[in-house]
Amino acid sequence: MAAPLSGSSALVTGATSGIGYEIALELAARGAEVVVHGRSAERGAKTVREIENAGGKARFVAADLNDADDVRRLAAAAGEVDILINNAGIYKFGTTAETDDSTFDEHVNVNLRAPYILVQKLVPGMVERGGGSVVNVSTIVASVAGAGTGIYGASKAGLEQLTRVWADEFGGSGVRVNALAVGPTETPGTTAVPGMLAAVAATTTFGRVAEPSEIARAAVFLASPDASYVNGAVLHATGGQRAIAA
Ligand SMILES: NC(=O)c1ccc[n+]([C@@H]2O[C@H](COP(=O)([O-])OP(=O)(O)OC[C@H]3O[C@@H](n4cnc5c(N)ncnc54)[C@H](OP(=O)(O)O)[C@@H]3O)[C@@H](O)[C@H]2O)c1
């Protein structure tokens, strides 16, 4: 039996680490040719090597998503893709008083403007070719207040709203756009912040963090034809939220 995504191509941003890395491996295992994006050429080469060792196809494109021209260069280098996974994101936590302009701008640029430009540049091609799918990686703190997560959560809440707008803009042309709200997940990014994962894990019904592969499978579901009637949705892979005490 042919792999379910064989013949398709995918761009995964932030595929050099954590959740994006697992999504890239999972898409490649299902037959998609993957454009692996990140900044680190070394980690990019490692991701490509692991995909190839497992029998898949991939290539690496470096770009800094904080720079709009570099995002446009990434879109051009990626070429025709059927699946766009806007996974790359930054999360630098702090109170509102502590958040300076450059931290604010970086969240908006990387988490909101970069996905916007990639959709602007890559989705018209999907429309012309008659179909495609986009998955925007969001977070539980886009819809639940998290201490110190103000501009991070706001940038992802913006991405969730764009998801609904894009679902309307492109759904009639066969391109589905969905978001995946992610709960506490063990990645190189989160393990760098001591104590944070455990605190958030305690707010989930399972009382544990997620493995990146659990999140990747949910992202690949949204990207694949298995989700053919799902558009404009925000799927919560968050471990479920504990009820407040009555
Ligand atoms: N882990 C969690 O608990 C959690 C929870 C909710 C939502 N999320 C979301 O899930 C996504 C992935 O998170 P993660 O924990 O897997 O992150 P991570 O381990 O920190 O990896 C981040 C990825 O994004 C790339 N990246 C960051 N800034 C970039 C920039 N300016 N230009 C280009 N690439 C950039 C990194 O590339 P290089 O390293 O190559 O530079 C890396 O591949 C993010 O959108 C995050 O907000 C994560």
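About the thresholds
Residues numbered from 1 in each chain as written. Predicted model: local features only at pLDDT ≥ 70, side-chain atom pairs only at ≥ 80, totals over all residues. Heavy atoms only, no water. Helix = DSSP H or I, 4+ residues; strand = E, 2+ residues; numbered from the N terminus. Rg over C-alpha atoms; globule rule 2.2 N^0.38 Å. Buried < 20%, exposed > 50% of the residue type's maximum accessible area, 1.4 Å probe, protein only. Contact = heavy atoms within 4.5 Å. Areas by Shrake-Rupley, 256 points an atom, 1.4 Å probe, with all protein chains shown as cover. Lys, Arg positive; Asp, Glu negative; His and termini not counted. Charge placed at Lys NZ, Arg CZ, Asp CG, Glu CD. Near = heavy atom within 4 Å. Polar contact = N/O pair within 3.5 Å; in protein donor to acceptor, adjacent residues only side chain to side chain. Nonpolar A, V, L, I, M, F, W, Y, C, P; charged D, E, K, R; others polar. Phe/Tyr/Trp six-rings, centres within 6.5 Å; stacked < 30°, edge-to-face > 60°. Pairing = 2+ DSSP bridges. Axes fitted to C-alpha atoms, helices over the stretch in contact; angles between N-to-C directions.

1. Observations concerning the overall build of the protein
Along the backbone of the protein there are eight helices and seven strands. Against the compact-globule benchmark of 18 Å for 246 residues, the protein has a radius of gyration of 17 Å, which places it among compact chains. A principal-axis box enclosing the C-alpha atoms of the protein has dimensions of 50 × 40 × 40 Å. Burial status across the protein gives 49% buried among its 246 residues. Put simply, 71% of the contacts in the protein that link residues at least 6 apart link residues at least 24 apart. Of the roughly 11400 Å² of accessible surface on the protein, a fraction of 53% belongs to carbon and sulfur atoms. Side chains of the protein carry 19 positive and 25 negative charges; the gap between the two charge centres is 3 Å.

2. Looking at the site of the ligand
Around the ligand lies a shell of 34 residues, among which Arg39, Arg43, Tyr91, Tyr152 and Thr187 are the nearest. Contact distances for the ligand include 2.9 Å between a nitrogen atom and a backbone N or O atom of Leu65. When the ligand sits alone it has 900 Å² of accessible area, and the protein chains cover 93% of it. Elements with a contribution of two residues or more to the shell around the ligand: α1 (18–29), β2 (33–38), β5 (132–139), α5 (150–171) and α6 (188–191). When the residues that make up the shell around the ligand are grouped by side-chain class, the tally is 13 nonpolar, 17 polar and four charged.

3. Focus: the environment of Glu214
Its location among the elements puts Glu214 in helix α8 (residues 212–223). Between the C-alpha atom of Glu214 and that of Leu84, which follows or precedes it by 130 residues, the distance is 19 Å. Setting aside anything within four residues of it in sequence, one finds Glu214 in contact with Arg208 and Val209. At 2.9 Å, the side chain of Glu214 and the side chain of Arg208 are in polar contact. Of the polar contacts made by the side chain of Glu214, one reaches the backbone nitrogen of Glu211; its length is 2.9 Å.

4. Overview of the packing of aromatic side chains
This model, assessed by the stated rule, comprises four aromatic pairs. For the pair Tyr91 and Tyr152, a centre-to-centre distance of 5.8 Å together with 65° between the ring planes defines the contact as edge-to-face. Taken as a pair, Tyr91 in the loop between β4 (83–86) and α4 (101–129) and Tyr152 in helix α5 lie far apart in primary sequence, 61 residues in all. By relative accessible area, Tyr152 is classed as buried at 9%. Seen in terms of ring centroids, Tyr116 and Trp166 are 5.9 Å apart; in terms of plane orientation they differ by 50°. Their pairing is tilted. Residue Tyr116 is found in helix α4, and its partner Trp166 is found in helix α5; the two are separated by 50 residues along the sequence.

5. Re the sheet that holds strand β7 (residues 234–237)
Read across the sheet, seven strands follow the order β3-β2-β1-β4-β5-β6-β7 without closing on themselves; strand pairing throughout is parallel. Two strands bound the open sheet, and with one partner strand each, they are β3 (57–62) and β7. Neighbour-to-neighbour, the strand axes of the sheet open up by a mean angle of 20°, direction not taken into account. Two strands pair when backbone bridges link them, and strand β6 (residues 175–182) and β7 are joined in this way by four bridges, in the parallel orientation. Across the sheet, Val182 pairs through a bridge with Ala237, a residue of β7. Contacting β2 and β3, helix α2 (residues 41–53) crosses the sheet at an angle of about 170° to β3. Across the sheet, α4 lies against β1 (9–12), β4, β5 and β6, angled at about 170° from β4, the strand it touches most.

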